[in-house]
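# Summary of the model geometry
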Amino acid sequence: MIAAKPQATATRVDEPRSITTERLILEPLALAHARSLTRFARLWEVARFTANIPHPYPPGCADNFAKQSVEQRRSGGGWVFAVHYEEDVIGVVDITLSPDRRNGELGYAFAPWAWGHGFATEAARALINFGFGTLRLDVIEAFAMVENPASCRVLAKAGMRRIGEQMLPAPARGNDILCEAYRIFWTERLA
Ligand SMILES: CC(C)(COP(=O)(O)OP(=O)(O)OC[C@H]1O[C@@H](n2cnc3c(N)ncnc32)[C@H](O)[C@@H]1OP(=O)(O)O)[C@@H](O)C(=O)NCCC(=O)NCCS
């Protein structure tokens with residue numbers, strides 16, 4: 001039997017809150033994180049695979065991104081978290097909501113010096129739990145470039161299913177890139 005879905009009245013989360021995982025603290029992104037974010041967002045090996053990081057990385061870009069993320073959070077449009085490991089900010093992970101607040105799109109980027117330790121998978125799982133448990137979403141989607149197998153692997157390890165391919169903008173490249181689309185429904189979290 002499938003359990004009744006909790007009422008959608010809890011889709012709005014007003015207060016910033018942190019999420020703690022086994023090794024990480026996900027803190028709602030703020031201006032104070034901008035300098036740490038710039039350290040890895042400005043790198044080509046990071047920007048080239050993302051849908052929202054330009055390259056070269058303009059001065060003030062992280063500040064603007066942090067300010068926009070605060071506005072987005074306040075309006076209920078989505079959440080961006082700075083990922084802390086020990087004393088360092090090693091990544092950023094986000095979930096952007098559809099206008100009706102039923103669907104979320106997951107994204108992330110991590111500093112190269114933190115790759116290969118399972119951090120992205122740990123953060124992605126936490127965001128999926130946040131999306132279904134706190135935001136009461138119906139479905140969460142994510143996209144990873146076909147030429148980015150590490151990210152495709154992260155999404156699969158986080159429990160998402162590959163559902164097809166789609167061309168999406170890649171601002172650091174200045175053109176569209178073929179991406180794999182992944183999806184998970186809230187009912188699948190019951191398994
Ligand atoms: C993609 C990214 C988030 C992965 O972060 P990470 O913390 O290294 O990820 P994890 O350690 O949780 O998992 C990576 C998995 O990919 C695998 N992997 C890494 N490189 C790979 C490759 N070239 N081919 C296939 N698998 C690969 C790893 O072995 C690991 O899988 P495993 O645990 O089964 O061994 C990170 O490389 C990154 O931020 N890249 C730049 C920005 C980006 O790509 N963002 C995603 C946009 S969709």
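About the criteria used
- Counting from 1, residues in each chain are numbered in the order their sequence is written.
- pLDDT decides what is reported in this predicted model: residues at 70 or higher carry local features, side-chain atom pairs at 80 or more are listed and counted, and totals for whole chains, interfaces and linings draw on all residues regardless.
- Here a strand is any run of E in DSSP of at least two residues, a helix any run of H or I of at least four, and the numbering for each starts at the N terminus.
- Radius of gyration here is computed from C-alpha atoms only, and the compact-globule reference equals 2.2 Å multiplied by the residue count raised to the power 0.38.
- Comment: burial labels come from other C-beta atoms within 10 Å of the residue's own C-beta, placed from the backbone, where a count of 20 or more is buried, 12 or fewer is exposed, and between is partly exposed.
- Residues are scored as being in contact if the C-beta atoms we place from backbone atoms lie within 7 Å.
- Nearness here is judged by the C-beta atom: place it from the backbone, and if it falls within 6 Å of a molecule or strand, the residue counts as near that partner.
- Gly is placed with the polar residues, together with every amino acid not listed as nonpolar (Ala, Val, Leu, Ile, Met, Phe, Trp, Tyr, Cys and Pro) or charged (Asp, Glu, Lys and Arg).
- The term nonpolar core refers to a group of buried residues, namely Ala, Val, Leu, Ile, Met, Phe, Trp, Tyr and Cys, whose C-beta atoms join them within 7 Å.
- Confidence scores here are pLDDT values: one per residue, from the predictor, ranging 0 to 100.
- In short, DSSP must find at least two bridges between two strands for them to pair.

For the rest of this paragraph, the subject is the overall build of the protein. Regarding its fold elements, the protein presents five helices and eight strands. In the protein, the order of α-helices and β-strands from amino to carboxyl end is β-β-α-α-α-β-β-β-α-β-α-β-β. On C-alpha atoms alone, the protein measures out to a radius of gyration of 16 Å, which is about the 16 Å that the 2.2 N^0.38 rule sets for 191 residues. Principal-axis analysis of the C-alpha atoms gives the protein an extent of 50 × 35 × 30 Å. Taking all 191 residues of the protein together, the buried fraction comes to 35%. Within the protein, counting contacts between residues at least 6 apart in sequence, those at least 24 apart form 61% of the total.

Another point: the site of the ligand. Near the ligand lie 20 residues; those nearest to it are Phe49, Ala120, Thr121, Pro149 and Ala150. Put simply, the parts of the chain that give the shell around the ligand at least two residues each are strand S5 (103-110), helix H4 (119-133) and helix H5 (149-157). Broken down by element, the residue count for the shell around the ligand peaks at five residues, all from H5. For the shell around the ligand, the class distribution of residues is twelve nonpolar, seven polar and one charged.

What follows covers the nonpolar core. In terms of nonpolar packing, the biggest core is built from 52 residues, with Val83, Val92, Ala123 and Ala124 touching the most fellow members. Considering each element in turn, this core owes the most residues, nine residues, to H4. With residues near it in sequence (within four places) discarded, Val92 still touches Leu29, Leu37, Val80, Phe81, Ala82, Val83, Tyr108 and Ala109.

What follows covers the confidence of the model for the protein. When pLDDT is averaged across the protein, the result is 92; 91% of the residues are at 70 or more. Below pLDDT 50 for its whole length, residues 6-11 participates in six contacts with residues either more than four positions away or in separate chains.

What follows covers the pairing of strand S4 (residues 88-97). Two faces make up the sheet, and in a regular strand the side chains alternate between them. Extensive coverage of S4 is indicated by the burial of eight of its ten residues. Bridge count between strand S3 (residues 78-85) and S4: eight bridges; the pairing is antiparallel. Along S4, the bridge assignment pairs Val83 with Gly91. Counted along the chain from S3 to the antiparallel partner S4, the turn is two residues long, and its residue Glu86 has a positive phi close to 55°. In terms of strand pairing, S4 meets S5 through seven bridges, oriented antiparallel. Counted as the bridge partner of Thr96 is Glu105 from S5.

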